[in-house]
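A look at the structure
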Amino acid sequence: MTTGSAPAKDPSVSARIAELTRASISGWQRGYLADESHSVAALARLRRGAGREAGESPDLWTLIDTGALHSQEEGGPRHLSEPEVMRAENAVHAALTLWAFHQQSRGEPMHRCHSPGQPASLGAAVRRLMPPDDIDEPVRKRLVRAGTAPDLVSLAQRLRDIVALLRRKSIPLDYGLLAGQLYVWQWPDGPSAVRRAWGRSFHTPPRRPRQPTGDNPTAPHTDKDHS
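Owing to the predicted nature of the structure, the values given are computational and were not obtained by experimental measurement. (Residues numbered from 1 in each chain as written. Predicted model: local features only at pLDDT ≥ 70, side-chain atom pairs only at ≥ 80, totals over all residues. Heavy atoms only, no water.)

What follows covers the packing of helix H6 (residues 137-147) against helix H7 (residues 152-169). Running from amino to carboxyl end, H6 crosses H7 at an angle of 160°, the nearest separation of the two axes being 8 Å. Relative to H7, the element H6 lies roughly antiparallel. Regarding H6 and H7, the two cross each other, and that crossing is left-handed. From H6, Arg 142, Leu 143, Arg 145 and Ala 146 reach across to H7, where they touch Leu 155, Arg 158, Leu 159, Asp 161, Ile 162 and Leu 165. Split by residue class, the contact of H6 with H7 holds 6 nonpolar, no polar and 4 charged. (Axes fitted to C-alpha atoms, helices over the stretch in contact; angles between N-to-C directions. Helix = DSSP H or I, 4+ residues; strand = E, 2+ residues; numbered from the N terminus. Parallel < 35°, antiparallel > 145°, perpendicular 65-115°, else oblique. Left-handed = near helix turned anticlockwise from the far one by under 90°. Contact = heavy atoms within 4.5 Å. Nonpolar A, V, L, I, M, F, W, Y, C, P; charged D, E, K, R; others polar.)

Under the definition given, this model contains 2 aromatic pairs. Between Tyr 183 and Trp 187, the ring centres sit 6.0 Å apart and the planes meet at 70°, which makes this aromatic pair edge-to-face. Of the two residues examined, Tyr 183 and Trp 187, each falls in the buried class. Between Trp 185 and Trp 198 the ring centres are 6.2 Å apart and the planes differ by 20°, which places this aromatic pair in the stacked class. (Phe/Tyr/Trp six-rings, centres within 6.5 Å; stacked < 30°, edge-to-face > 60°. Buried < 20%, exposed > 50% of the residue type's maximum accessible area, 1.4 Å probe, protein only.)

Moving on, we get to the environment of His 114. Residue position: His 114 is located in the loop between helix H4 (82-103) and helix H5 (122-128). Considered as a pair, His 114 and Pro 172 are 58 residues apart in the sequence and their alpha carbons are 9.6 Å apart. Polar contacts involving the side chain of His 114 include one to the main-chain amide nitrogen of Ser 121, which spans 3.4 Å. (Polar contact = N/O pair within 3.5 Å; in protein donor to acceptor, adjacent residues only side chain to side chain.)

Let us look at a positive patch on the surface. On the surface, Arg 142, Arg 145, Arg 168 and Lys 169 cluster together to form a positively charged patch. When residues of the positive patch are traced back to their parent elements, those giving at least two are H6 and H7. Along the chain, the position of Arg 142 falls in helix H6. On the basis of relative accessible area, Arg 142 is assigned to the partly exposed category, the value being 37%. (Patch = residues over 30% accessible without salt bridge, like charges linked within 9 Å, V, L, I, M, F, W, Y side chains within 5 Å. Areas by Shrake-Rupley, 256 points an atom, 1.4 Å probe, with all protein chains shown as cover. Salt bridge = Lys/Arg side-chain N within 4 Å of Asp/Glu carboxyl O. Lys, Arg positive; Asp, Glu negative; His and termini not counted. Charge placed at Lys NZ, Arg CZ, Asp CG, Glu CD.)

Helix packing for two helices is described by the angle between their axes and how far apart those axes are. One way to put it is that helix H1 (residues 11-33) packs onto helix H2 (residues 37-47) with a least axis distance of 8 Å and a crossing angle of 120°. Here H2 runs oblique to H1, going by the angle between their axes. Relative to H2, the crossing made by H1 is left-handed. Together, Gly 27, Trp 28, Gly 31 and Tyr 32 of H1 and Ser 39, Val 40, Ala 42, Leu 43 and Leu 46 of H2 make up the contact between the two elements.

Before going further, it helps to examine H4. Counting along an α-helix, one turn takes 3.6 residues, and residues three or four places apart therefore face a common direction. Taking 1.5 Å of rise per residue, 22 residues should cover 32 Å, and H4 covers 31 Å from first to last C-alpha, within 8% of that figure. Among the 22 residues that make up H4, 18 are buried, leaving the element largely enclosed by the rest of the structure. Note on H4: the residue one or two positions beyond its end, Ser 105, has a positive phi of about 65°. (Expected span 1.5 Å × (residues − 1).)

Among the nonpolar cores identified, the biggest contains 53 residues, and Leu 46, Leu 155, Leu 159 and Trp 198 are the most heavily contacted of them. The element best represented in this core is H4, accounting for 11 residues. Excluding anything up to four places from it in sequence, Leu 159 contacts Leu 98, Leu 122, Ala 146, Leu 178, Leu 182 and Trp 198. (Core = buried A, V, L, I, M, F, W, Y, C linked by side-chain atoms within 4.5 Å.)

Shape is all these values report; function is a separate question.
Laid out in structure tokens, this is it:
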């Protein structure tokens, strides 16, 4: 995996990676659940790349399209540097292949966008594997072990073990959010930032929707995810 001498300073890049990953999964997931042959085949190809470096899976080069990260349109997002592009491709590859493994043989969507009321970040998903008022130490240690992975390949392999548990319980994960975090992970100081985010989401209970007030009972409540 790539290394660098400066931290990732542009959070918009991880947001672009998350958006690209969600958009890619959306079509495949919808098609897979509808038993469409092209999506079923794509899922099988993606699954074979789980836990491997992006460059080691030539079969996926034409399947995982990261062209949107390379292009630069007038008035659009800035052009990414080569180190940013390499890390972005690694992150998207890892997230998509993990999702494919997660979705295999499941009849409900295993990718779900995170929200405060329905958290789907990694820490929150791992917490759902445990009893409501107890900590399952072996499961918690899997998350800790993932957080101490020395590189992205090792991290993807350790995440695959966690995803296997989530798959067994049909617990979904926001793979766009995960892809953005995997991008950050590859920069100096990135692993510590990602570990903090996973720890916060593990310990933070879901937010309950705000009850309507008598003054405006139909007003919608919105809340942004700060994790």
